[in-house]
Amino acid sequence: MKASNKSKVVLAVLTAALLGVSTISAVGAESAASIAKKGLAELAKGVYSTGPNGETAAPAASLTFTSAELAKLKGMNATAAIAFHLTSDWTSGQQAGLTKRFGELGIKIVGVTQADFKADVQVSQIQTLMAKKPNILVSIPVDGQATAEAYKAAAAAGAKIVFMDNTAAGLTVGKDYVSVVSADNYANGAASAYILGRELKGKGTIALIHHAADFWVTKQRWNGFKETITKKFPGIKIVDDQGISGPDFAGDAQKAATAILTKNPKISAIWAVWDTPAEGVMAALRDAGNTTTKIATQDLGANVAISLAKKGPVIGLGAQRPYDAGVTEANLAAYSLLGKKAPAYIAMPALAVDHAGVLKAWQTVYSASAPADLKASFKK
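Rules of the game
- Residues numbered from 1 in each chain as written.
- Predicted model: local features only at pLDDT ≥ 70, side-chain atom pairs only at ≥ 80, totals over all residues.
- Heavy atoms only, no water.
- Helix = DSSP H or I, 4+ residues; strand = E, 2+ residues; numbered from the N terminus.
- Contact = heavy atoms within 4.5 Å.
- Buried < 20%, exposed > 50% of the residue type's maximum accessible area, 1.4 Å probe, protein only.
- Core = buried A, V, L, I, M, F, W, Y, C linked by side-chain atoms within 4.5 Å.
- Phe/Tyr/Trp six-rings, centres within 6.5 Å; stacked < 30°, edge-to-face > 60°.
- pLDDT = per-residue confidence, 0-100.
- Pairing = 2+ DSSP bridges.
- Axes fitted to C-alpha atoms, helices over the stretch in contact; angles between N-to-C directions.

A. Focus on the environment of Pro343. Within the fold, Pro343 resides in the loop between α12 (322–338) and β11 (345–348). Residues Pro343 and Trp362, spaced 19 residues apart in sequence, show a C-alpha to C-alpha distance of 28 Å. For Pro343, the residues in contact, after removing those within four places along its chain, are Ala58, Ser62, Leu63, Val178, Ser179 and Leu332.

Okay, here's the thing in structure tokens:
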């Protein structure tokens, strides 16, 4: 190396030192951004989750109808009931998709319930819905074990069951239920890991708040996040991992986050298993006067979307596509009414959402323009 070049290198290092900048961390920042870019591009190419029984995902576009089949469906005067687990923006998106598509197919919705994530309440609600003798039951089980008998009874009564996200224990696809539809939850967990890794420039400490239940989809997103952050960003260390059971998921997450912050007041970020727990983390940060810890999560709920838009603590997430899922569930139910063979499992592609893309993502997720308060919150 020439003397002049050596002098330039020494000067650069001294300047970086005086400015408090590490040349190593700068390289790490570039590496983290590159890893995230490549990883997110790879996730966009396909579906990475498998079904609850290991099924390979089929695309929603594989469900098609002839004009004669559509006419036949409309002449059936079929009815449907919907049993949700709780109330949320995800639930609203699902119901909007189901309502729109069932209407197009000539299928009347005769009842919609939500169980506040209580298994006994859901069992009672399913029994009440089945008293209306619907041809179709679309539902997401609160607890696959505790609600199983209610779903078995519904199947025995002749209802065509399409599951959202989770299945009930002991039921056989193609016999007791038609199919299950979910997001690519593993990839959505991985997407939030890539966004967070990029935000932290590949270095820092984080904690996780997961769903402490035998719930297949939330396990997949938890695993997707953990495996990706650990393998792709070794400079980021998981220092705590707490489970919450609900039904007060925001309150439980706030308590968990408060405990995490007490032990780790300078923690870089907290990952929450979906948007409602993330709201609890936001509350804990506010109470602690913490303006530096970041949040990554899953699901594009209104409150986390506003935080993303205004450059608050939420820096990114992996979003489900509930509207499209609802349309797909209605199509699967129609398949069953027609006696057509349906795929055992369909997954919606993952959707990575950061600040720049939050308004466009809302349209994608809910098939509706971003609400006025979200648009007004967006900071360029």
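B. Highlighting unusual backbone geometry. Each neighbour pair has its own omega, and for Gly246 with Pro247 the value is 10°, a cis peptide bond. Summarising the element assignment, Pro247 is placed in the loop between β7 (236–244) and α9 (249–263). Positive phi is not limited to glycine here, since Asn77 has a value of about 55°. With respect to the helices and strands, Asn77 occurs in the loop between α3 (67–74) and β1 (79–84). For Asn77, a relative accessible area of 63% puts it in the exposed group. Its identity is not glycine, yet Ser367 carries a phi of approximately 55°, on the positive side. Within the secondary structure, Ser367 is located in the loop between α13 (358–366) and α14 (372–377).

C. Representation of the nonpolar core in the model. Core analysis: the largest hydrophobic core is formed by 122 residues, its most contacted members being Phe102, Leu137, Ile206, Ile209, Ile270, Leu300 and Val353. The leading source of residues in this core is α12, at eight residues. Non-local contacts of Leu137, meaning those with residues more than four positions away in its chain, are made with Ala81, Ala83, Ile126, Leu129, Tyr151, Ala154, Ala159, Lys160, Ile161 and Val162.

D. The packing of aromatic side chains, seen in detail. Tallied over the entire structure, the rule returns 10 aromatic pairs. Taking 5.7 Å as the distance between ring centres and 55° as the angle between the ring planes, the aromatic pair formed by Phe117 and Phe215 counts as tilted. Note that Phe117 is positioned in the loop between β2 (108–114) and α5 (119–130) and Phe215 in the loop between β6 (204–211) and α8 (216–232), a separation of 98 residues in sequence. On the basis of relative accessibility, which here comes to 4%, the residue Phe215 falls in the buried class.

E. Representation of the confidence of the model for the protein in the model. With 92% of its residues at a pLDDT of at least 70, the protein reaches an overall mean of 92. The model gives residues 1–27 a pLDDT under 50, and that stretch makes five contacts with residues more than four places away or in other chains.

F. Spotlight on the sheet that holds strand β8 (residues 269–272). Taken together, the six strands give an open sheet; going across it, the order is β7-β6-β8-β9-β10-β12, and neighbouring strands pair in mixed fashion. The sheet terminates laterally at β7 and β12 (351–354), the two strands that pair on one side only. Direction aside, the axes of adjacent strands within the sheet are offset by 15° on average. Docked against the sheet, helix α7 (residues 185–199) engages β6, β7, β8, β9 (294–298), β10 (314–319) and β12, running at close to 160° with respect to β10. Across the face of the sheet, α9 comes into contact with β6, β7 and β8 while running at roughly 140° to β7.

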